[in-house]
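Per-entry structural report
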Amino acid sequence: KAQTYSLFRIFLTILNNKDWTFHKILSEVCDSPLVSSLPPSSFRSSSQLSTSHAPGFAKLNRRDGAGGWSPLISDRYQWLEVDLGERTKITAVATQGRYGSSDWLTSYLLMFSDTGHNWRQYRQEDSIGSFPGNSNADSVVHYKLQQPAIARFIRLIPLDWNPNGRIGLRLETYGCPYTSDVVSFDGGSSGLLYWLTSGLKRTSRDVVTLKFKALRNSGTLLQAEGQEGLSLGLELERGKLLLLTSSTEPQRLVSLGSLLDDQHWHHVAVERRGSHLNLTVDKHTERVQIPADFSHWTIEQLSLGAVQSEVSQKPVTSKKNFNGCLENLLYNGHNLIELAKNKKQQVTISGNVTFSCAEPVSVAVTFTGPESFLQLPGTTVSSSGGVSIGFQFRTWNKAGLLVTFELPQQGGVAWLYLSEARLRLQIHKSGVALNDGQWHSVELNSRRGRLTITVDKEERDSSQASLSFPVTIESHLFFGGKTQFSCKCRNPFNVFQGCMRLFTVDNQNMDLIKVQEKQLGNYSNLQIDMCGIIDRCSPSPCEHGGPCSQSWTVFHCNCSDSGYSGATCHSSVYEQSCEAYKHKGNTSGHFYIDVDGSGPIKPQLVYCNMTEENTWMVIQHNNTELTRLRPSPGVNQYSIHFDYSSEEEQLLAVIKQSEHCEQELSYHCKKSRLLNTPEGSPLSWWFGGPGTGRVQTYWGGAQPGSQQCACGLQGDCVDLQHYCNCDADRMEWTEDSGLLTHKDSLPVRSLVLGDIQRPGSEAVYRVGPLQCHGDRNFWNAAFFDKETSYLHFPTFHGELSADISFLFKTMASSGVFLENLGIKDFIRIELSSSTQVVFSFDVGNGPLEVRVESSFPLNDNRWHRVRAERNVKEASLRLDELPVATQEAPADGHFHLQLNSQLFIGGTASRQKGFRGCIRSLQLNGVTLDLEERAKITPGVQPGCPGHCSSYGSLCQNHGLCMERANGFHCDCSLSAYTGVFCQTEVSASFKSGTSVSYTFKEPYELSRNSSALPSSIYSDMTLRGENVSLSFRTNQSPALLLYVSSYYREYLAVLINKHGEENTSDLFIYFFQIDQNAREDFNLTSDGEFNAIKSLVLGRVHGELASLGFTGCLSVVHFNTISPLKEALLRPDSSPVIITGPLAQSNCGSAASANPYSAENTHHLSGEKRRRHLTFYYNISRTQYTCQM
């Protein structure tokens, strides 16, 4: 069947590609059966139930013997091994159960090896290790490997099997022959040197590919040298591959890979294209920029193995020389190993170079968990009366028990263990950090009553500790965590998870294959003849520069200094614009913004200027001040470059997402022409836009390409024959100034000013900061008015990490916000009830859900924010400011999210459970979806979503009114005594003794000019039956007059600060007031009088009987009914009915921040409790004076 399938594929390929040769088609087909023709001697197993269940019967669709292989005992220590005879390319595997039985596997592991030792587990997606098995004895389950494996030996390890039967297996593997050229280096003087000037083709694009297998964790693989001493090198350092350059100083360009000293083959490719270089290690590629010195560099020689001396060109014996094998070394398509084999003249061979790959056999074991241990027999007393134990280990964990043995003479137990990545034997011992994933050797020796521990004996940073303590070992040695001793000593240590190898006892090597075959010692939960260590930090799952650390089972990202959060430092902790900060209630100040959220652009510090009308993002550069220029000898023109506080990609992103950007461009001139209008070539110009900018020959206030200034556009230049004021070339100072608003020309990168060299020429220029307002992404919204309406977008690609954020408001109790489907995978966010949001997804491990429950209804027609994130470690969901809900991902599960349908917003593919309401600012992995543009062409969906005051109206303070805008809102402070973006800023002024502010109300005749009412009713509309007065003050003066209101009937109301006991309280009509923030008190004052026809309100000094008082100090936020006289006087003196006498200056003296807590002069708010400082209200109505005193 397999052969028929292969021929059918070839036939289809010929039909679809007629121009291909038959030979090429055959070479690309790699699915021939590999096992069916092998002799029984090619099969081995851990055990067999009987001779008729031997491993040689485990061939697909065969019924020989008992119809397949079955081991003696069905447990997870069994295995079936196949020797393919030579290294082969393996592309697929197929399994069956044992014929006519109840014996089959339901899941298994695949291992590969070149030597029959040092097995490597095959993993899908770098994580999933198990393969799905069978559901009965006869059907075939075929699995194609995502990446072909190159190996001679295959080992299959059963994980699970039919619970009503036992392990039973028939199998087949598919692939094709694999050919290679191999060379090995001994780590000493052996090496190859290739001279590329002797016939090897050199091009501007250099490509080197190879495979290597390292026997030592450090050493130089390859070094390329060229002119002027420039070189590029590939160096293995502690199991990582480094790309190094050597020019003026050695420089590390990139580090890639990890655990590359595992004695398995690793693929490397280096490709140089101009100034960039791509380095690939196995499946991971990094693109780096090489130094400018290498832009025209050509390679003259390549050295491999031994490091070459720069002077003598002879190999140098060094520990940095590579020890291991290289395979299929190609330079620009040339097979360099074949050239060396054939002893071509351009190749120099030095030292012990062999063209095969002999590997030392070292059997490693993997301790996977708490139940893992290895038991080896104890020692016999030697002639020296000593004990010797040795082994190597590697791990990521900081703690774990390594070796345990009894001390029969002392009646105790000795523990050798890791703690905080240091080796300890009952007491602390020194050592380097030992949880770095590298192999570390340990030797424990007892000689003449002293116990000595040596770590990494062969390394430079080896360490040793000893103590006076005689040791004999008569029973067993336990490696790992589980121990069984008669002393009943409790094991207080963490279990060891990692690998060990090269065990010696009394200088005798321990044969772990005999342990595996139950001929020596004992073990539990070990993976023998392999090291299953995985570097979860290579490549790093941590984004945005967050450092990665790990234990045996998990990784951790330190996001503390990155500006990002989450398990992988994916989501930004900053808002994306000043607009977003404003809507969290912030006022003007410096803020970090992250314009693309979780995208690659870094956060930047900007100034957010939040005014009543707009929210401005201000980005400074190195020279925003007015700068004077004068003629200088030999200088014909000045060129000024501007460096911005933000990086290039940050600037462009800000400009792109803003609704409006502007930059002031000013030129003050005296006999210095600017653009030389109307017909001459410009004498000055500027560069603006992306990169270094494009030449611009218009000035601030004009249009691009016009070669005009603002006055030319408006037709009001000082000389109408010119389009710029400065082009009139006059001896008097004049200027051309205006705003640049064309976003494609921003920011201004540089100025070139060219008419400064003439005698008498002077100029002053200014380029203001870049200012932008309006966040197009923040307000991008759509309204879904039906459950069946939705928007669709291209498939969402968030394979390894995905973050989704948006705002919604609705009156419905449920609905799907977002859905994207795959064949099996999916991702969905929905409002499942009026109080719950659910984030659900499936990446192949089964559906997972993260829920957030709110204590208040979410269908309140107010904006609510949803932020969901999913990465390889966990999924999280946040709703508004409620606590984050998280769900951990399986430790060894699938983690690629594979979607292929359209992305549905506001509904689903089935058109059921759609969302009714508004969705706004929808971002996926930092990219905003343009809901408004898509809504314009989609029935049932409307662009935009009005009605923001229900959500943000509470931000307007002090009687400010929330006013709706198409995109957002603003606070109307016209009826408030305060100002500012949220009516939160106090309007204050410092008063001197002679200062007076008089606010004049409309005269009575103006109110009745067109009325036929009798004179007695003229004043009726200005009769006040109640007054609402509020103000803040700070003063040392007493008595003092704070406020005075007079009428046309010569009635008045006065607010005084009075010394205690100077006035008595009389009865009057009701008046309400408070001082500071204390509870409000009501004072009942009765009178039949009314305050008629108000004429004016005065702050400070007045004329008349109270003229001697006046006020010295600070007045703030003065409010009388609906009038704010101090605000009118300070902010609108020309358009308001106010008269200012004496010095008056706006100040922040009324703010709490300006108050001195140690001063006797504090700010009081007229709104409480009785105090020793008294306020007196004088009322003079109908010639009767009343007072109200506090």
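Note that the structure is predicted; figures quoted are calculated from it, not measured.

Rules behind the numbers
- Residues numbered from 1 in each chain as written.
- Predicted model: local features only at pLDDT ≥ 70, side-chain atom pairs only at ≥ 80, totals over all residues.
- Heavy atoms only, no water.
- Helix = DSSP H or I, 4+ residues; strand = E, 2+ residues; numbered from the N terminus.
- Buried < 20%, exposed > 50% of the residue type's maximum accessible area, 1.4 Å probe, protein only.
- Areas by Shrake-Rupley, 256 points an atom, 1.4 Å probe, with all protein chains shown as cover.
- Phe/Tyr/Trp six-rings, centres within 6.5 Å; stacked < 30°, edge-to-face > 60°.
- Lys NZ or Arg CZ within 6 Å of the ring centre and 35° of its normal.
- Pairing = 2+ DSSP bridges.
- Axes fitted to C-alpha atoms, helices over the stretch in contact; angles between N-to-C directions.
- Patch = residues over 30% accessible without salt bridge, like charges linked within 9 Å, V, L, I, M, F, W, Y side chains within 5 Å.
- Salt bridge = Lys/Arg side-chain N within 4 Å of Asp/Glu carboxyl O.
- Core = buried A, V, L, I, M, F, W, Y, C linked by side-chain atoms within 4.5 Å.
- Domains from an automatic or database assignment.
- UniProt positions renumbered as here; feature names shortened; annotations may be inferred.
- Contact = heavy atoms within 4.5 Å.
- Disulfide = S-S within 2.5 Å.

So, on to the overall build of the protein. Summing up its helical and strand segments, the protein has 11 helices and 87 strands in all. Expressed as a percentage of its 1190 residues, the buried residues of the protein come to 53%. Surface accessibility of the protein: about 54100 Å² in total, with carbon and sulfur atoms responsible for 48%.

Evaluation of the coordinates by the stated rule reveals 33 aromatic pairs. Centroid distance Phe391 to Phe479: 5.5 Å. Interplanar angle 85°. Geometry classified as edge-to-face. You can see Phe391 sitting in strand 27 (residues 387-394) and its partner Phe479 sitting in strand 35 (residues 476-480), a full 88 residues away along the chain. The class for Phe391 is buried, based on a relative accessible area of 3%. Here the aromatic residues Phe367, Phe391, Phe393, Phe479, Phe496 and Phe503 are joined through ring pairs into a cluster of three or more. The ring centre of Trp439 lies 4.0 Å from the NZ or CZ of Arg501, which sits over that ring.

Pairing is antiparallel across the open sheet formed by 7 strands, whose spatial order is 15-14-13-12-19-10-24. Of all strands in the sheet, those with a lone pairing partner are strand 15 (250-256) and strand 24 (347-350), marking the two edges. Recorded for the sheet is a direction-independent mean angle of 15° between the axes of neighbouring strands. Strand direction decides the pairing type here: strand 14 (residues 240-246) and strand 15, joined by 6 bridges, are antiparallel. Across the sheet, Ser246 pairs through a bridge with Pro250, a residue of strand 15.

This part takes up a nonpolar patch on the surface. There is a patch of nonpolar side chains on the surface, built from Leu49, Leu72 and Ile73 and spanning about 250 Å² of accessible area. Following the sequence through the fold, Leu72 ends up in the loop between strand 2 (43-45) and strand 3 (80-96).

Below, the discussion takes up the nonpolar core. Ranked by size, the top nonpolar core spans 65 residues in total, and within it Tyr667, Trp699, Leu751 and Leu770 carry the most contacts. Counting residues domain by domain, this core receives three or more from each of domain 4 (658-773) and domain 5 (780-945). By size, the runner-up hydrophobic cluster in this structure holds 44 residues, among which are Ala214, Leu256, Leu304 and Phe322.

Next up on the list: the UniProt feature "domain: EGF-like" (unreviewed entry) in the protein. Listed under "domain: EGF-like" (unreviewed entry) in the UniProt record, and renumbered for this structure, are residues 533-570 and 946-984. Secondary structure across residues 533-570 divides into 0% helix and 21% strand, with the first and last C-alpha atoms of the span separated by 26 Å. Secondary structure within residues 946-984 divides into 10% helix and 31% strand; the distance between the first and last C-alpha atoms comes to 25 Å.

Structurally, Ala875 can be placed in strand 64 (residues 874-879). Not counting residues within four places of it along the chain, the set of residues in contact with Ala875 comprises Phe839, Phe841, Val850, Glu869, Arg870, Ala885, Thr886 and Gln887.

Attention now goes to the state of the cysteines. Between two cysteines, a covalent bond joining their sulfur atoms is known as a disulfide. Under the defined criterion, the tally for this structure stands at 16 disulfides. In this model Cys325 forms its disulfide with Cys357; the gap between the sulfur atoms is 2.0 Å. Every disulfide takes its handedness from the sign of the S-S torsion; for Cys325 and Cys357 that torsion is 95°, giving right-handed. Here Cys325, found in strand 22 (residues 323-331), pairs with Cys357, found in the loop between strand 24 and strand 25 (365-367); they are 32 residues apart in sequence, far enough to count as distant. For Cys918, the disulfide goes to Cys945, at an S-S distance of 1.7 Å.

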